[in-house]
Amino acid sequence: MASLLHDMMWPVGPGTPDPAVPSNAPASTIMSPGGCKSASDRPAAPHCTQNPRDSWDLFYRRRGRSWGGITRDIPELPCGSRVLELGCGSGKTLRGMIGRGWHIVAIDISPRAVMLTRSIIREIAASGQRSDCKDTCSKGLTEDVEPIAADGRLLPFRDGAFDAVFAFHVLGHLLGPERSVMAGEIIRVTRRGGLVFFRGFSFDDLRAGGDEIEERTFIRGDGTITHYFTEEEVLQIFRQLSSTSVTTVRWSMRVGGLDLIRSEIRAAFRKE
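Reading the values: the criteria
Residues numbered from 1 in each chain as written. Predicted model: local features only at pLDDT ≥ 70, side-chain atom pairs only at ≥ 80, totals over all residues. Heavy atoms only, no water. Pairing = 2+ DSSP bridges. Helix = DSSP H or I, 4+ residues; strand = E, 2+ residues; numbered from the N terminus. Axes fitted to C-alpha atoms, helices over the stretch in contact; angles between N-to-C directions. Contact = heavy atoms within 4.5 Å. Expected span 1.5 Å × (residues − 1). Buried < 20%, exposed > 50% of the residue type's maximum accessible area, 1.4 Å probe, protein only.

Asks: How would you summarise the sheet that holds strand S3 (residues 145-149) if you had to cite specific residues and measurements?
Replies: Ordered by their spatial adjacency, seven strands build an open sheet running S3-S2-S1-S4-S5-S10-S9, and the pairing between neighbours is mixed. The two strands at the open ends of the sheet, each matched to only one other strand, are S3 and strand S9 (242-255). The sheet shows a mean angle of 15° between the axes of neighbouring strands, taken without regard to direction. When strand S1 (residues 82-86) meets strand S4 (residues 162-168), the two strands line up parallel, connected through three bridges. Of the residues in S4, the one forming a bridge with Val83 is Ala164. Where helix H4 (residues 111-127) meets the sheet, it contacts strand S2 (103-108) and S3, and its direction lies at approximately 165° from that of S3. Contacts between helix H6 (residues 176-189) and the sheet are confined to S1, S4 and strand S5 (190-201), with S5 contributing the most and set at about 145° to the helix.

Asks: Give me the lowdown on H4, citing residues and values where you can.
Replies: The terminal C-alpha atoms of H4, which comprises 17 residues, lie 25 Å apart, in line with the 24 Å expected from a rise of 1.5 Å per residue. Every buried residue of H4 is listed here: Pro111, Ala113, Val114, Leu116, Thr117, Ser119, Ile120, Ile121 and Ile124.

Function cannot be read off these values alone, since they describe shape.
Next comes the structure, spelled out in C-alpha cells:
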C-alpha cells in the first residue's frame, strides 16, 4: 500500500508541514497538503472560521471510541478499488469497508482519531479478518488500509486518484464556505467515472437545534459543529457531478418516553 499511496499523492518539497498534524506527531502520520505540483505553487489554505483539528482532538480525548458498531449498507464496489474515506473518526465506517478487497485511505483532521483508527485496524488484523477476493487483491490487511492525518479541505492526493470517495457525516461538521471547498476537493480527487457517496443529517433530525451560527448549523460546547441538510442542498453542493440517487432515511428513536425521529440524507454521485 505504501508505494500505491505514494503514487496517489502530490509531490511536495521537503519539510512542508501538514496543517492538520502537530509538530510532534509520529512521522508515519504526516502528509503534506496537496492540490499543487510543488510546495512553491501550493495555494494558501482556505479561510477557516474555526479550528476543527483542536475541536475534534478534544472530542476524541474526552470520548474515545465515541461511535460503536459498524456502519451498514456500504455500497458495493469492484475488488481492488481505490477508496478514500473522509473523516474516519474512531473507525465505525471503516469497519464496514474492511474485508471487501479495496485499497483504502482513511483520513481525519484529528491525529487522535487517526490513532484510534489504527488501533481498530490492529484489532481486526489480529482477529484474522481478510478479504474474500482472490488474485487481484492485496492479501495483507495492513497493506489494504492506510489511515493518515490530513485536512479534507486541502487533500494531499493527485487529481483523479480514487475510484470512490466516501463522505459520511463529515461535510456537516464544517461551515458553508468550507463545505464548498471540501466538496471541490472530493470532486478533484475522484477519477472520471468514479463515485462519490454522501451521508449527512437531515434538517428534521431530532438533534437539530441549539446555538445556531449559520442557517441549520449549530455549535456545541466543545467547539464542534453540525449542519443539517436538505436534499436540494446536497444536490447543489455536488452539482458538478451526476446524481445517481438521493434519499432521506428516517427511523424512530425512543428518548424520554417519546418516539423521536433520526433523519439522514444519503446520496450517490458519478463524475462524468
